[in-house]
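Each chain, written out:
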Amino acid sequence: MQAPRPAHAPTPLHGWQVGLVGAGRGRPALRRAVVRAGATVLDLRALSLRPAPDPVAVAVQLSALAHAAAWVFVSPAAVRFAWQAAPELTLPRGTRVFAVGPGTVAALSRRGVAALHPSLRHDSEGLLALPELADMRGAVALVTAPGGRSLIADTLRGRGLEVHGIAAYRRMPARWDRRHRARLDDFLRARPRALWIATSGEALAALAGLAGPAFEALLDVPLVVGSARLSAVATALGLRDVHAATGTTPAALVEGALGIERGYANSMRGDDGTESP
């Protein structure tokens, strides 16, 4: 029989600072996974999510597309701002609804809407690989924000679908003050037991502007990303220690962080396995 785990067994990222870089409120599931691994979390929020400038126009678009063959929501924010603009929005029974990840599925479920989502990759590529989306015909309502990637819309149009984009919200640079910069300084002082995880290329670029001269110090802090695309974005911004995880799920990103921790622990041991002086 397996021996019981000690009540206070150390968590693998105990003593580490992990910065999270995403859009808006970030990814709560990722935050919870990092906390469970024992790290202290710093939210390096660089983008703020706000309603579309004309919510009435958004409501009109949503109502006009209520009978589309399929709906695609790119984030929990897309759900939140869509129903904020059109509280009475109802999708007819039988409408196929797709979401990029489980957080978006949960947001839809709270509004009585069931949705399909990819299990392995919570991004545009994962969504587009869903077989249920591959055989769609007709009009697709894509609830999103201006800017960012156009992969979903371009790919669906390439498949012959009629895609109607609905910009229900917008991403704006966050407002930082001296408190945000002080937290960033605290994070940098945690090196070498500091790493960060980015889930948005747009947020990474915004952070470069918000951090100012401190961004130079971030360039050598290990960064975990979930895709080759995001790795390329990070490298283009000058980051020098980028680690691509095996996927975009919280489990995959935390495993990427644990790989960094293991590398650090190994570097601190001598050839005989003892701690280096």
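Small disclaimer: the values here were computed from a predicted structure and weren't measured.

Draft legend 1. Broad picture of helix α8 (residues 178–189). For α8, built from 12 residues, the straight-helix expectation of 16 Å at 1.5 Å per residue is met to within 8% by its first-to-last C-alpha distance of 16 Å. Within α8, burial applies to Leu 184, Phe 187 and Leu 188. Along the axis of α8, the buried positions cluster into a sector of 95 degrees, meaning they face one direction only. Turned more than 90 degrees off the buried face of α8, the exposed positions are Arg 178, Arg 179 and Arg 189.

Draft legend 2. Examining unusual backbone geometry more closely. The peptide bond linking Arg 191 to Pro 192 adopts the cis configuration, its omega dihedral lying at 10 degrees. Mapped onto the secondary structure, Pro 192 falls in the loop between α8 and β9 (194–198).

Draft legend 3. Region of interest: the sheet that holds strand β7 (residues 162–167). What the 4 strands build is an open sheet, ordered β5-β4-β6-β7; its pairing is parallel. Of all strands in the sheet, those with a lone pairing partner are β5 (96–99) and β7, marking the two edges. Averaged over all pairs of adjacent strands, the angle between their axes in this sheet comes to 20 degrees, without regard to strand direction. Two elements, strand β4 (residues 70–73) and strand β6 (residues 139–144), share 4 bridges in a ladder whose sense is parallel. Residue pairing across strands places Phe 73 opposite Val 143, the latter belonging to β6. Against the sheet, helix α2 (residues 55–64) touches β4, β6 and β7, its axis set at about 150 degrees to β7. Relative to β4, helix α3 (residues 76–85) is tilted by about 115 degrees, and along the sheet it contacts β4 and β6.

Calculation notes
Residues numbered from 1 in each chain as written. Predicted model: local features only at pLDDT ≥ 70, side-chain atom pairs only at ≥ 80, totals over all residues. Heavy atoms only, no water. Helix = DSSP H or I, 4+ residues; strand = E, 2+ residues; numbered from the N terminus. Expected span 1.5 Å × (residues − 1). Buried < 20%, exposed > 50% of the residue type's maximum accessible area, 1.4 Å probe, protein only. Arc of directions from axis to C-beta. Pairing = 2+ DSSP bridges. Axes fitted to C-alpha atoms, helices over the stretch in contact; angles between N-to-C directions. Contact = heavy atoms within 4.5 Å.

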